[in-house]
Number of protein chains: 2
Amino acid sequence: MSEQVYIGVDLGGTTVKVGICDSKGKLIQTHEGPTESEGGYEQVTDNITTYVKKIVEESTYSWENVHGIGAGIAGFVDKKGLVKRAANLGWENVHVKHILEEKIGKPVIVNNDANVAALGEVWSGAGEGVSDVICYTLGTGVGGGIIIENKIHQGFNGMAGEIGHMSVVPDLEAIQCGCGQKGCLETVSSATGIIRMAKDAVERGERTSLSLLETISAKDVFDAARVNDEVSIRIVKRAAYYLGRSMSMLAFVLNPQRFIVGGGVSKAGDILFDQIRENFEKFTPDAIKEGVDIVPATLGNDAGIVGAAGLNLFKI
Amino acid sequence: MSEQVYIGVDLGGTTVKVGICDSKGKLIQTHEGPTESEGGYEQVTDNITTYVKKIVEESTYSWENVHGIGAGIAGFVDKKGLVKRAANLGWENVHVKHILEEKIGKPVIVNNDANVAALGEVWSGAGEGVSDVICYTLGTGVGGGIIIENKIHQGFNGMAGEIGHMSVVPDLEAIQCGCGQKGCLETVSSATGIIRMAKDAVERGERTSLSLLETISAKDVFDAARVNDEVSIRIVKRAAYYLGRSMSMLAFVLNPQRFIVGGGVSKAGDILFDQIRENFEKFTPDAIKEGVDIVPATLGNDAGIVGAAGLNLFKI
């Protein structure tokens, strides 16, 4: 019998990444090309189709080996594969599932990129073998994916997993979030939030090595914290405090077995994870946290492709 | 073919209620008797066995019609039916599933009472036909049950659904909760929380009709609010505010289709529900709240028996 492989598409604002995975979620081959979002969804879906066909042609597999195609997209994707809104592509109400199926001539499953990355980690990354996982992606925002019994939990309108918009910061310290609420986790624990807190401290004239930098990145803040810059230590503590508290709250509600933290900010390593764990431990009773752990993602940028390929195996 | 019926056991601290449900979750017959928890788990499980056998004998059904037995218990129940702790029964680590199965001679499924009540509402109450529901039980505490795709979501340690312990009250106003945390939803939105806020107001000498009462119940506070007692209006608003906010937060995370609110406090009706809905609307974006509603439970005290019987139909 011929080998079964799965194709994953990670549709970004500037680049489309396509990959072939084996049935265990191992990424065998990749291909990438420009998104050309300025050409509209017709151009973008044409490009995806070309890249998908190309990767199969260039591989040792035939279309008979391909047991599914999946795509992850940054934006609001409903249960039927309709992209309600994708800001970085400038899309509104694009039925990308149907369009791709027509162009490629095969069934395609589409989902939100944070959900897909979570699925990737559960398939062959930091969540392998764990059925109930909550995945945080700490980047420009705080994305989330909830996996329950090996399936992405999408919710009634396909909007579940928006953990970056849990309101966790007390009103007095809360700042406005892009979502319209105040005090969202994303305002303090994303790269954007960390940079904002750093800039605020510099502007207030606080004594910090960050004031010597022309531009400040989240990495700069972690680096400064590591060499005992007090302002940076305070900022890292604050970001980690709310991450730990939000995990504690999710543990009361969903009691997952594992929290996986990925995205650019997660590369900070122990200085971040130690404090997330400390706060989680502090706020979560033993009966709930027993055996529950908080670990870094392991697939890095491949999580999107792998998870998209996995959409076909972990039926949703 | 003979009719299929299901037996549900609602094990309370003073009374055991047993019922027979048909395959649509309609309660056909009930029986109740004392728990006698002072006699220990041997006595209690003997009593349950007696009541279960009695209700079948007294019914028009035979044991062949009984397609399952389920029990709901207030306390921490793990996935294997082990009661880790049940304060009102004085139990610790009682393997009630095994004991009951041995005594009754039939398979028994055991779960937490709030989970079971949620399942009852989804089977034949306010959540009939809705697969993704979050159920609040507002009583002495705030209990919760999460139903995902018609199944109770138990979580890794069986501890999911503890929504009463979501930390929602800002630190400055937060009071200590029995769980060890501060600012839990339960501290402001349970009957206990409402009564505490009322007593505090009276003690502070605030001008309120509640000060004329010898003892204050949650119902007194709602009754006074209805006739424009300002202190009572403020207390009801606060309880409803945090309920609405917690639902908004759960909508971002789980995006359920329906929130069902039951328990003694929910009998307050519109004065409570209108404000819960108002706050939920305010804090939840359209894409998430579209088609989502907040409704009162309809099974009342029967939810526990019905849901326990349903444990056998909605496999967990």
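Our structure is the block above this text.
Residues numbered from 1 in each chain as written. Chains lettered and ligands numbered in written order. Predicted model: local features only at pLDDT ≥ 70, side-chain atom pairs only at ≥ 80, totals over all residues. Heavy atoms only, no water.

Caption draft 1: Region of interest: the interface of chain B and chain A. Taken together, the contacts link 43 residues of chain B with 43 residues of chain A. Regarding the contact of chain B and chain A, the summed buried area is about 3300 Å², with carbon and sulfur atoms giving 58% of it. The largest share of the area that chain B buries against chain A comes from Phe156, Phe252 and Val253 of chain B, three residues that together contribute 20% of it. Here aspartate 171 of chain B ties to arginine 245 of chain A by a salt bridge, and the two come within 3.9 Å at their closest N and O atoms. Taken together, the connections running from chain B to chain A amount to 26 residue pairs in polar contact (both at pLDDT 80 or more). Secondary-structure elements contributing two or more residues to the side of chain B that touches chain A are β10 (142–148), α7 (230–254) and α9 (286–289) of chain B. (Contact = heavy atoms within 4.5 Å. Buried area = accessible area lost by both parts, 1.4 Å probe. Salt bridge = Lys/Arg side-chain N within 4 Å of Asp/Glu carboxyl O. Polar contact = N/O pair within 3.5 Å; in protein donor to acceptor, adjacent residues only side chain to side chain. Helix = DSSP H or I, 4+ residues; strand = E, 2+ residues; numbered from the N terminus.)

Caption draft 2: Representation of the packing of aromatic side chains. Evaluation of the coordinates by the stated rule reveals 10 aromatic pairs over all chains. With a centroid separation of 6.1 Å and an interplanar angle of 80°, the aromatic rings of tyrosine 6 of chain A and tryptophan 123 of chain A are classed as edge-to-face. Taken as a pair, tyrosine 6 of chain A in strand β1 (residues 5–11) and tryptophan 123 of chain A in helix α3 (residues 113–124) lie far apart in primary sequence, 117 residues in all. Judged by relative accessible area, tryptophan 123 of chain A falls into the buried class, the value being 7%. Look at phenylalanine 259 of chain B and phenylalanine 280 of chain B: their rings are 5.6 Å apart centre to centre, the planes differ by 65°, and that puts the pair in the edge-to-face class. Residue phenylalanine 259 of chain B is found in strand β12 (residues 258–262), and its partner phenylalanine 280 of chain B is found in helix α8 (residues 270–283); the two are separated by 21 residues along the sequence. Joined through ring pairs, the aromatic side chains of Tyr136, Phe259 and Phe280 of chain A make up one cluster. Geometry around phenylalanine 283 of chain A places arginine 245 of chain A over its ring, the cationic atom sitting 4.3 Å from the centre. (Phe/Tyr/Trp six-rings, centres within 6.5 Å; stacked < 30°, edge-to-face > 60°. Buried < 20%, exposed > 50% of the residue type's maximum accessible area, 1.4 Å probe, protein only. Lys NZ or Arg CZ within 6 Å of the ring centre and 35° of its normal.)

Caption draft 3: Local environment of the sheet that holds strand β11 (residues 151–152) of chain A. All names here are of chain A. Strand order in the open sheet formed by five strands is β11-β10-β9-β12-β13, with mixed pairing between adjacent strands. Every interior strand has two partners, whereas the edge strands, β11 and β13 (293–296), have only one. Sheet topology note: the strand β9 (residues 133–138)/strand β12 (residues 258–262) ladder contains five bridges and is parallel. Residue valine 133 lies in a different strand from β12, and its bridge partner there is arginine 258. (Pairing = 2+ DSSP bridges.)

Caption draft 4: Focus on the state of the cysteines. All names here are of chain A. Under the counting rule described, the total for this entry stands at zero disulfides over all chains. Here cysteine 21 is not disulfide-linked; the sulfur of cysteine 135 is the nearest cysteine sulfur, at 16 Å. Distance from the sulfur of cysteine 177, which forms no disulfide, to the nearest cysteine sulfur (cysteine 184) is 3.7 Å. With a relative accessible area of 7%, cysteine 177 lands in the buried category. (Disulfide = S-S within 2.5 Å.)

Caption draft 5: Expanded view of helix α6 (residues 218–226) of chain B. All names here are of chain B. All buried positions along α6 are accounted for by Ala218, Val221, Phe222, Ala224 and Ala225. For α6, the buried positions fall inside an angular range of 165° around the axis, keeping them on one side. Where the residues of α6 are buried, they touch α5 (191–203), α7 and α8. Looking one or two residues beyond α6, the residue adopting positive phi is asparagine 228, at roughly 70°. (Arc of directions from axis to C-beta.)

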